[in-house]
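# Inside the fold
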Amino acid sequence: MARPTLADVARLAGVDVSTASRVLRGEAAQRIRDDTRERILQVARELDYRANAFARGLRTARSSTLGIVVPQLDNPVFAAAIEGAEAAAAEHGFSLLIAHRAPGAREAGAYRRLSEGNRVDGLLVASLDDDDVLLGELEATRTNYVLLNRTLAGSRYSVVLDSRAATRIALDHLVAFGHRRIAHLAGRPGGFNAGERLAGYREGLAAHGIAFDPQLVAVAGYTAEGGAAAMRELIDRRPTAVLAATLVSAAGAMAVLHEAGLRIPQDVSVIGLHDAAVATMLYPALTTVRMPTGRMGRLAAEILVGLVGGGTPEPVAPLAPEQLVVRASTGPAPAA
């Protein structure tokens, strides 16, 4: 059976080829009636029409491909963002190219190399690099980009999670169990999200009349190893609860508590931000604050598609936490 063509879609939808092409490309600026647009999309779905991306790229100097750059491939937060971005890209006729750039990588021009040669039409960027390093590389790409879960001076488009609100939810949960010596495993010093989470931690303590103690804060970064190291630093300071900035640092902290012979949650409660299947595989299962990471990736991809099409999308407000997921790792504070 012959592969359906754009001309077939146009003929069955009762429109000219140029109109069908504009709708199927998802161009931002269209003066086409909604019922006409829906009729074209319906015909395309019924025919299982797929655009010839290679031929279209020759005509438009586009690749119909978006790139997403993440600092960790084994982090479930970035995995969820990738899934959301890929789904949105596919809906708009784009493929998604996934690239990894380790935090602090010394290779120059990583983003520029990804964008040059018409490999991608735009970039989704999740990065743990310092602002000046990231901004310099992104400016050198001369391509559209949208930031994931961070902001950057001079960049208009980013989709971020409300980490401050998520931290407040986690802290409120611990205080409700009677905890007052609550340690915080913080993210990267100077980072946007680390700053938001630390601010939420301090605001939550103040709201409950608990004095902030800098001796109960340790930098864990965004790895299990970092979480373990931070927990070793804090364990002799006798916190009754630990609020980890990330799911993976919480896992590292729990391993150290087990090694020390401390019971979770009878001796120390643990809660982490973000949720994924791995939280149920820990012992005991980890209480978390679930964040809309998949939606973050989807919205960022939709904004980028709009930019590639010549539009001016509206910025997106920080995405609120989805819910507190209570599992077995949190419980009442131990008696003094």
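Structure: above.
With the rule as written, the count across this model stands at 17 salt bridges. Here D131 ties to R150 by a salt bridge, and the two come within 2.4 Å at their closest N and O atoms. Linking D131 in helix α7 (residues 131-141) with R150 in the loop between β4 (144-148) and β5 (158-159), this pair joins segments that are 19 residues apart in sequence. With a relative accessible area of 4%, R150 lands in the buried category.

Okay, the sheet that holds strand β9 (residues 269-273) next. Taken in spatial order, the six strands make up an open sheet running β7-β6-β8-β9-β10-β11, and their pairing is mixed. Both edges of this open sheet fall to β7 (217-219) and β11 (323-325), since each of them pairs with a single strand only. This sheet shows a mean twist of 20° between the axes of neighbouring strands, independent of strand direction. Of the strand pairs in this sheet, β9 and strand β10 (residues 287-290) are connected by three bridges, and their pairing is parallel. For I271, the partnering residue across the bridge sits in β10 and is T287. The strands touched by helix α11 (residues 247-259) within the sheet are β6 (182-186), β8 (241-244), β9 and β10, with β9 carrying the most contacts at an inclination of about 160°.

Along helix α10 (residues 224-234), the positions that sit buried rather than exposed are G226, G227, A228, A230, M231 and L234. On its buried face, α10 sits against β6, β7, β8 and α11.

Once that is clear, we can look at the sheet that holds strand β2 (residues 95-100). Reading across the sheet, the five strands line up as β2-β1-β3-β4-β5 and stay open at both edges, with parallel pairing between neighbours. Unpaired on one side and paired on the other, β2 and β5 mark the two borders of the sheet. Direction of pairing for strand β1 (residues 65-70) relative to β2: parallel, over a ladder of six bridges. Pairing of V69 across the sheet is with A99, part of β2.

Parameters at a glance
Residues numbered from 1 in each chain as written. Predicted model: local features only at pLDDT ≥ 70, side-chain atom pairs only at ≥ 80, totals over all residues. Heavy atoms only, no water. Salt bridge = Lys/Arg side-chain N within 4 Å of Asp/Glu carboxyl O. Helix = DSSP H or I, 4+ residues; strand = E, 2+ residues; numbered from the N terminus. Buried < 20%, exposed > 50% of the residue type's maximum accessible area, 1.4 Å probe, protein only. Pairing = 2+ DSSP bridges. Axes fitted to C-alpha atoms, helices over the stretch in contact; angles between N-to-C directions. Contact = heavy atoms within 4.5 Å.

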